[in-house]
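Now for the letters of each chain:
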Amino acid sequence: MTYAITQTCCTDATCIAACPVNCIHPTPEEKDFGRTEMLFIDPKACIDCGACADACPVDAILPVESLTGAQKEYGAVNAAYFEDRKPEPAVGGPNFHAWSEPVFERSLPSDFAPLRIAVVGTGPAGMYAVEDLLLHTGAEVTLVDRLPVAGGLIRYGVAPDHPSTKKAGDAFARFHTHPRVRMILGLDVGTDITPEELAAHHDAVVYAVGAGADRRLGIPGEDLPGSISATTFVSWYNAHPEVAPDAVGLSTERVVVVGNGNVAVDAARILVSDPDTLAAGDIAAHALDALRSGGVREVVLLGRRGPAEAAYTRPELLALKHLPGVELVVDDHDPRTGAAIDAAGPGDKAAVLRGVTRAKVDWSLAPAAGRRIVIRFHSAPVEVLGDGGVRAVRVTDGADGTEIPAGTLLRAVGHRGVPVAGLPFDETTGTIPHGSGRVTGLPGTYVVGWIKRGPSGGIGANRTCSAETVGTLLADAVAGALPTPEHGPKAFHRLVRRRNRRIVDARGLAGIERAERALGAREGRPRVKLATVPELVAAARAGRWKLPR
């Protein structure tokens, strides 16, 4: 029996370090690392030890014989990756592969003094940086977030029907109560305090603030009511406190989603999934109510390019094929679509659509009975039509335009970073200018994650990104290039309390966790997220929060 890596792979390479026989690829030393959709286990080399499954932070590694339903395909997916790979020659010894020379990337002078470092952002990028600092140095970390709860992308970006992916947050949570970590949640750098004030109290500051805005379509009618960014939609169903419960209306039968990346696929899947199935996760209560009472029966995914160039990953597409009670259809309006699917090789992304129903959809008709997702390639929106709200979307269709009636348009064409007051910003790339993580022109200031490299890569990609930045920071520290803090840690905490009376610490975060799980237990769910800042702050101050009747 061998193991296989499945859909929820986070690609952070924890499993690679645990494997005793080097059967998981690509490794960080290989050129394909970071370029593939997931990692893969070689079934011919796997010795069934289970070390990788024990190490996996998102429960993505399972025995092939135990795979069921949609997961069954992953045995073949893993094996296919190795069909054209040349195996390394076997060597003697119990591990069947040659070890490379040991590398000590965090080797510091014996008299290296502990640093005081602030990390702004509690999502994966920030927490990988925190993990690196705590495990390899004696640094004292001030963990800052503008929201009164930690988690970032894992709490507010991962779809609620991907609970295994959310388990990556459990690995980070162990650092929330670390003796060298002080949590300051609910503090907005740039509003409550300035970057200069933050820097004056620390040896270095690492910004892991993500990419919180969405890219625009730039077409007429884009701002009509009913035209919503995917950023808003994802935040809405994840109970983000900055998105109102009534921000999304679902009374329409058909929704058009522009884009074919993983965010677009997530949105489509959530819109047509069985609400009772979604209730098993941590979807926002208001979103669950809206999906139960709404009328959405059909979602149209618009892709500007063909099936071979689609931005979604194969695992996400495979999940759509096996969505219970939902028909998947490929709109056969353009002959290039079917030709690309038929010509695709076994390992090609387009091959996943082989066997999926193809049909020329008559958009003048109302959605058919049941629920379905229609993928329409080689088609882009040119105008959103409607008076006082979205009525239809005009899309490209060869030489002529086609109108797709719909009451809601979701724009899922990418994220974009937003400026942080007091820091440089590149408007073209939506990132903070840097060199290997060191912010240009600001000694002692660093960046990690999407605000550093742009909105690319999933959770695991942040491990490598953060390692580079932390390496740069420590090299600067050893070289004596970090500015000396003007104030001590106590002065910073006094400053914070003066500026914001609603700060949440690690104890308060634990109170939020207890409150949400108590709400979930009452409804037979794992948790019910608190959806407003006042609710979160009240739960953090346990004496002021009561379980609603």
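Remember, it's a predicted structure, so these values are computed and weren't measured experimentally.

For the rest of this paragraph, the subject is the packing of aromatic side chains. The tally for this structure, following the rule as stated, stands at five aromatic pairs. Each ring, one from F233 and one from W236, has its centre 5.7 Å from the other, and the planes form 25 degrees; the classification is stacked. Of this pair, F233 and W236 both sit in helix α9 (residues 230-237), three residues apart, which is roughly one turn of that helix. One exposure class covers both F233 and W236, and it is buried.

This paragraph deals with the confidence of the model for the protein. Looking at the protein, pLDDT values average 91 and 95% of them are 70 or higher. The low-confidence segment residues 89-95 (pLDDT under 50) makes six contacts with residues lying over four places distant or belonging to another chain.

A few words on the sheet that holds strand β12 (residues 298-302). Adjacent strands of a sheet form backbone hydrogen bonds with each other and so pair up, either parallel or antiparallel. Taken in spatial order, the seven strands make up an open sheet running β10-β19-β11-β12-β15-β13-β14, and their pairing is parallel. Only two strands of the sheet have a single partner each, and these edge strands are β10 (227-229) and β14 (357-359). Each neighbouring strand pair of the sheet contributes to a mean axis angle of 25 degrees, computed without reference to strand direction. Bridging between strand β11 (residues 254-258) and β12 involves five bridges; their strand directions are parallel. When the bridges of β12 are listed, V258 appears paired with L302. Where helix α10 (residues 262-272) meets the sheet, its contacts fall on β11, β12, β13 (326-331), β15 (371-376) and β19 (408-411), and the angle it forms with β12 comes to roughly 170 degrees.

Another point: the side chain of N500. Mapped onto the secondary structure, N500 falls in the loop between α17 (489-499) and α18 (506-523). Residue N500 is classed as buried on the basis of its relative accessible area, which comes to 12%. Separated by 2.7 Å, the side chain of N500 and the backbone oxygen of G186 make a polar contact. Separated by 3.3 Å, the side chains of N500 and D192 make a polar contact.

Below, the discussion takes up the pattern of salt bridges. Applying the stated criterion to the full structure yields 33 salt bridges. In this structure, K349 engages E37 in a salt bridge whose closest nitrogen and oxygen atoms are separated by 3.9 Å. In this pair, K349 is assigned in the loop between α14 (335-343) and β14 and E37 in the loop between β2 (24-25) and β3 (40-41), connecting sequence segments 312 residues apart. Take E37: its relative accessible area is 26%, and that puts it in the partly exposed class. Among the ionic pairs, R358 bridges to D342, the shortest N-O distance being 2.6 Å. Here R358 is found in strand β14, whereas its partner D342 is found in helix α14, with 16 residues between them in sequence. Given a relative accessible area of 30%, R358 falls into the partly exposed group.

With that settled, consider the side chain of T252. Mapped onto the secondary structure, T252 falls in the loop between α9 and β11. For T252, a relative accessible area of 14% corresponds to the buried category. Among the polar contacts listed, one links the side chain of T252 to the backbone oxygen of R254, at a separation of 3.0 Å.

Attention now moves to helix α13 (residues 314-321). Counted residue by residue, α13 has seven buried out of eight residues, so it is predominantly covered. Looking only at α13, the buried set comprises R314, P315, E316, L317, L318, A319 and L320. Here the buried face of α13 lies against β3, α3 (73-81), α10, β12, β13 and β15.

Consecutive residues of a regular strand have side chains that alternate between opposite faces of the sheet. As paired elements, strand β16 (residues 381-385) and strand β17 (residues 392-397) share four bridges and run antiparallel to each other. Following the sheet pairing, P381 is matched in β17 by V395. Hairpin connection from β16 to β17: six residues lie between these consecutive antiparallel strands, with G386 at a positive phi of about 155 degrees.

Cut-offs used in this document
Residues numbered from 1 in each chain as written. Predicted model: local features only at pLDDT ≥ 70, side-chain atom pairs only at ≥ 80, totals over all residues. Heavy atoms only, no water. Phe/Tyr/Trp six-rings, centres within 6.5 Å; stacked < 30°, edge-to-face > 60°. Helix = DSSP H or I, 4+ residues; strand = E, 2+ residues; numbered from the N terminus. Buried < 20%, exposed > 50% of the residue type's maximum accessible area, 1.4 Å probe, protein only. pLDDT = per-residue confidence, 0-100. Contact = heavy atoms within 4.5 Å. Pairing = 2+ DSSP bridges. Axes fitted to C-alpha atoms, helices over the stretch in contact; angles between N-to-C directions. Polar contact = N/O pair within 3.5 Å; in protein donor to acceptor, adjacent residues only side chain to side chain. Salt bridge = Lys/Arg side-chain N within 4 Å of Asp/Glu carboxyl O.

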